[in-house]
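Chain by chain, the residues run as shown.
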Amino acid sequence: MGSGALDYETEPPGCQPDKEIVVYDWKRLLQSLLFPVHCRLCAVRTGTAVSLCPDCSADLPWLESACHQCGCALPAGDDRLLCGACQQRPPYFDTTTAILQYRPPVDYLVQRLKFSGELAIAPLLSELLALQVCSREGSLPGLIVPVPLHPSRLRERGFNQATEIARLLGKKLQLPVNHRLCKRTRKTDTQSLLPVKIRHWNVRNAFTVTGEIPARHIAIVDDVMTTGHTVNELARALKRAGAERVEVWVIARAGH
Ligand SMILES: [Zn+2]
Ligand SMILES: [Zn+2]
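Here the residue numbers are simple positions, counted from 1 along each chain's written sequence. Labels are handed out in written order, letters beginning with A for the chains and numbers beginning with 1 for the ligands. Totals for whole chains, interfaces and linings use all residues, but because this is a predicted model, local features are given only for residues with pLDDT of at least 70 and pairs of side-chain atoms are given and counted only at 80 or more. By convention in this description, side-chain values take in all heavy atoms of the structure and omit both hydrogens and water.

Caption draft 1: Local environment of the side chain of Gln161. Within the fold, Gln161 resides in helix α7 (residues 161–173). Apart from residues lying up to four places away in sequence, Gln161 is in contact with Leu113, Lys114, Asp222 and Asp223. Going along the chain from the N terminus, every DSSP run of H or I of four or more residues is numbered as a helix, and every run of E of two or more is numbered as a strand. By definition in these notes, contact holds between two residues if any of their heavy atoms fall within 4.5 Å.

The structure is reproduced here in structure tokens:
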């Protein structure tokens with residue numbers, strides 16, 4: 001599957017089932033028979049293990065054409081691999097996998113997860129992201145690292161949505177997840193409330209890598225990416241700690 005509506009028929013290449021995944025899928029099949037899955041957006045029975053019906057899937061704002069490095073939307077028909085910003089000043093991360101544009105109803109889903117604590121939305125979002133990651137070329141990373149929240153914000157919210165998505169992705173893709181490797185040591189203002197020009201300064205030196213990194217190829221996971229300054233700062237910290245390749249995996253990409 002490339003970018004586009006969810007493909008219910010084809011097993012994505014790169015995610016060929018091994019024994020363990022087959023067992024896992026049988027469990028899910030049984031679960032879907034016993035507990036029919038309903039669409040998260042329109043509530044109809046989906047008839048599959050994915051909680052998104054084909055009609056709602058077709059209507060989602062899929063990110064069809066995007067910069068290979070930062071994931072920003074490129075105009076339709078633009079066949080450049082990189083946007084102008086990445087050509088002029090490449091970020092520290094090497095590539096971005098984003099599946100959806102951050103506009104209705106994706107913003108609704110993400111906000112329900114983040115601010116209303118509807119953790120049941122996380123499996124759907126991580127399922128969509130896993131399908132996209134499996135469908136692209138190239139090797140998988142050796143480690144998944146969710147973007148950490150500052151401890152005080154984690155206490156306020158009670159959970160980190162990026163960690164929830166990362167955990168499910170790790171299970172689905174059979175990859176290790178480490179949510180303790182990186183810490184947010186500086187409490188930053190909420191990026192979305194700040195003018196774009198100063199967001200870069202707001203997250204500067206916000207992250208610390210707490211130990212030796214166990215893999216040279218790492219994927220950073222977050223729910224939404226807007227200017228990319230937050231993931232860029234985390235990628236910078238990981239590269240300083242010895243990472244050779246850092247990817248960014250996000251559910252949604254907002255324009256900037
Ligand atoms: Zn639906
Ligand atoms: Zn770019």
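Caption draft 2: Representation of the coordination of the zinc ion (ligand 1). In this listing, donors mean N, O and S atoms no farther than 2.8 Å from the metal, or 3.2 Å for Na, K and Ca; water is missing from the atoms, so a site can look incomplete. Binding of the zinc ion (ligand 1) to the protein goes through Cys39 (SG), Cys42 (SG), Cys53 (SG) and Cys56 (SG), at separations of 2.3 Å. Angles of 104 to 116 degrees at the metal separate the 4 donor atoms of the zinc ion (ligand 1), which places the site in the tetrahedral class. In primary-sequence terms, the residues that donate to the zinc ion (ligand 1) follow C-x2-C-x10-C-x2-C. On the basis of relative accessible area, Cys42 is assigned to the partly exposed category, the value being 37%. Geometry assignment treats four donors as tetrahedral when all angles are between 85 and 135 degrees, treats four as square planar and six as octahedral when opposite donors are over 155 degrees apart and all others between 65 and 115, and treats everything else as irregular. Burial classes: relative accessible area under 20% of the type maximum marks a residue as buried, over 50% as exposed, and values in between as partly exposed (1.4 Å probe, protein chains only).

Caption draft 3: Structural view of the nonpolar core. Counting 34 residues, the largest nonpolar core has Leu52, Leu100, Leu169, Leu173, Trp249 and Ile251 as its most contacted members. Only β1 (95–101), α4 (106–115), α5 (122–135), α7, β5 (217–225) and β6 (245–253) provide two or more residues apiece to this core. Per-element tally for this core: the top contributor is α5, with 8 residues. The definition of a nonpolar core used throughout is a set of buried Ala, Val, Leu, Ile, Met, Phe, Trp, Tyr and Cys residues joined through side-chain atoms within 4.5 Å. Core analysis: the next-biggest nonpolar cluster, separate from the first, contains 32 residues, Val231, Leu234, Ala235 and Val246 among them.

Caption draft 4: The coordination of the zinc ion (ligand 2), seen in detail. On the protein side, the zinc ion (ligand 2) has Cys67 (SG), Cys70 (SG), Cys83 (SG) and Cys86 (SG) as donor atoms, found 2.3 Å from it. Around the zinc ion (ligand 2) sit 4 donor atoms; with metal-centred angles ranging over 105 to 115 degrees, the donor geometry is tetrahedral. One chain supplies every donor for the zinc ion (ligand 2), spaced along it as C-x2-C-x12-C-x2-C. Placement of the pair is Cys70 in the loop between α2 (54–59) and α3 (84–88) and Cys86 in helix α3, with a sequence separation of 16 residues. For the pair Cys70 and Cys86, a shared accessibility class is recorded, and that class is buried.

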